[in-house]
Amino acid sequence: MGREDRPVTSTASRESAESAAAHGLVSCLACGLLCRSPAAPGAIRCPRCHACLHPRKPDSIARTWAFLITACILYVPANTLPILETRSLFGSQSNTIMSGVILFWNSGSWFVAALIFFASIVVPLTKLIALALLLISIQRRLAWQPHQRTRLYRLLDFIGRWSMLDIYVTALSVALVQVESLTSMRAGLGAAAFGAVVVLTMLAVQAFDPRLIWDTGNIPEEPNA
């Protein structure tokens, strides 16, 4: 093949590529069908699944920030308040997530301690930081690494499907505690805060519109629902 027959794939041509929205097209978020963009928000529905069509998710950035900030606030009591309260004839004891990790580690259950630490502390904190980075990069209109940011969002979406694993790990830690007779156990306020963090991070990921990553110019106005 001669040099003149080779396709031109210069960097300039790739950077000047327009999005589907620029051509009046919108993808259905429910079934993925590419449709003509509605003249007004929610004016038409997808011809295949009848879902409402929007060029971008309504109020995506605002709703994602609301869920994310609330989750960040609750992340502190989730890790500082007791997640498990044990009462017996010999007194009462309260345990946080970190005290449970330390307890299992000192007792030789290193795998369980590492699992609880990763699922209950590392994963939620990573999701909070990653979502904040995505939102900041969009609001500052950064064209930095859109492919990598899209992969990051897909990873967050994948992890979100297994977010309740955090709750299961907490329940596992309760089940593995050696309890004597005449002893009662109940979940503390930390467990409620922890569960709220899990749910809020899942809602934040769902509210986020990854198509905004590719809007390197002005952020399109997000229509109200």
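Residues numbered from 1 in each chain as written. Predicted model: local features only at pLDDT ≥ 70, side-chain atom pairs only at ≥ 80, totals over all residues. Heavy atoms only, no water.

## Notes on the packing of helix H2 (residues 60-80) against helix H4 (residues 110-139)
Geometrically, a packed helix pair is captured by the angle between its two axes and the distance between the axes.
And then number 1: Closest axis-to-axis distance for the H2/H4 pair is 11 Å, and the angle between their directions is 150°. Classified by the interaxial angle, the pair formed by H2 and H4 is roughly antiparallel. Of the two possible hands of crossing, H2 and H4 adopt the one that is left-handed. Packed against H2, whose contacting residues are Ile61, Thr64, Trp65, Leu68, Ala71, Cys72, Tyr75 and Asn79, the element H4 presents Ser120, Ile121, Pro124, Leu125, Leu128, Leu131, Ala132, Leu135, Ile136, Ile138 and Gln139 at the interface.
And then number 2: Considered class by class, the residues forming the contact of H2 with H4 number 15 nonpolar, 4 polar and no charged. (Axes fitted to C-alpha atoms, helices over the stretch in contact; angles between N-to-C directions. Helix = DSSP H or I, 4+ residues; strand = E, 2+ residues; numbered from the N terminus. Parallel < 35°, antiparallel > 145°, perpendicular 65-115°, else oblique. Left-handed = near helix turned anticlockwise from the far one by under 90°. Contact = heavy atoms within 4.5 Å. Nonpolar A, V, L, I, M, F, W, Y, C, P; charged D, E, K, R; others polar.)

## Things to note about the packing of helix H3 (residues 97-106) against H4
And then number 1: It is the contact of H3 with H4, at a shortest axis distance of 7 Å, that shows an interaxial angle of 160°. Overall, the two elements H3 and H4 adopt an arrangement that is roughly antiparallel. Viewed along their axes, H3 and H4 form a crossing whose handedness is left-handed. On H4, the residues touching Ile97, Met98, Val101, Phe104 and Trp105 of H3 are Trp110, Val112, Ala113, Ile116, Phe117, Ser120 and Ile121.
And then number 2: Residue classes in the contact of H3 with H4 are distributed as 11 nonpolar, 1 polar and no charged.

## Topic: H3
And then number 1: For H3, the complete set of buried residues consists of Ile97, Gly100, Val101 and Phe104. One face of H3 carries all of its buried residues, which in axial projection span an arc of 100°.
And then number 2: Positive phi shows up at glycine 108, right after H3, with a value of about 95°. (Buried < 20%, exposed > 50% of the residue type's maximum accessible area, 1.4 Å probe, protein only. Arc of directions from axis to C-beta.)

## Section: the packing of aromatic side chains
And then number 1: All chains considered together, the criterion is met by 2 aromatic pairs.
And then number 2: Ring centres of tryptophan 105 and tryptophan 110 lie 5.8 Å apart, and the angle between their planes is 35°; on these two criteria the pair is classed as tilted.
And then number 3: Classification of tryptophan 105 as partly exposed rests on a relative accessible area of 48%.
And then number 4: Centroid distance tyrosine 153 to phenylalanine 208: 5.4 Å. Interplanar angle 40°. Geometry classified as tilted. One end of the pair, tyrosine 153, is in helix H5 (residues 146-160); the other, phenylalanine 208, is in the segment after helix H7 (189-207), and 55 residues separate them in sequence. (Phe/Tyr/Trp six-rings, centres within 6.5 Å; stacked < 30°, edge-to-face > 60°.)

## Structural notes on the pattern of salt bridges
And then number 1: For the structure shown, the criterion picks out 1 salt bridge.
And then number 2: Linking arginine 211 and aspartate 209 is a salt bridge whose minimum nitrogen-to-oxygen distance equals 3.0 Å.
And then number 3: The exposure class of arginine 211 is buried, given its relative accessible area of 18%. (Salt bridge = Lys/Arg side-chain N within 4 Å of Asp/Glu carboxyl O.)

## So, the environment of leucine 156
And then number 1: Topologically, leucine 156 is positioned in helix H5.
And then number 2: Along the primary structure leucine 156 and threonine 126 are separated by 30 residues, whereas in three dimensions their C-alpha atoms are 9.2 Å apart.
And then number 3: Residues in contact with leucine 156, not counting those within four places in the same chain, are Lys127, Ala130, Leu131, Leu134 and Val205.

## Comments concerning the confidence of the model for the protein
And then number 1: For the protein, the average pLDDT comes to 74, and 68% of its residues sit at 70 or higher.
And then number 2: Between residues 1-16, whose pLDDT stays under 50, and residues either more than four places distant or in other chains, the model counts 3 contacts.
And then number 3: Across residues 217-225 the pLDDT falls below 50, and counting only partners more than four positions away or on other chains, this stretch makes 23 contacts in the model. (pLDDT = per-residue confidence, 0-100.)

## Section: H4
Owing to its 3.6 residues per turn, the α-helix aligns residues three or four sequence positions apart on the same side.
And then number 1: The end-to-end C-alpha separation of H4 is 42 Å, in line with the 44 Å expected for 30 residues at 1.5 Å each.
And then number 2: Where H4 bends most, at phenylalanine 118, the angle is about 35°.
And then number 3: Looking one or two places after H4, you find arginine 141, whose phi comes out positive at around 55°. (Expected span 1.5 Å × (residues − 1). Bend = angle between axes of the 7 residues up to and from the residue.)

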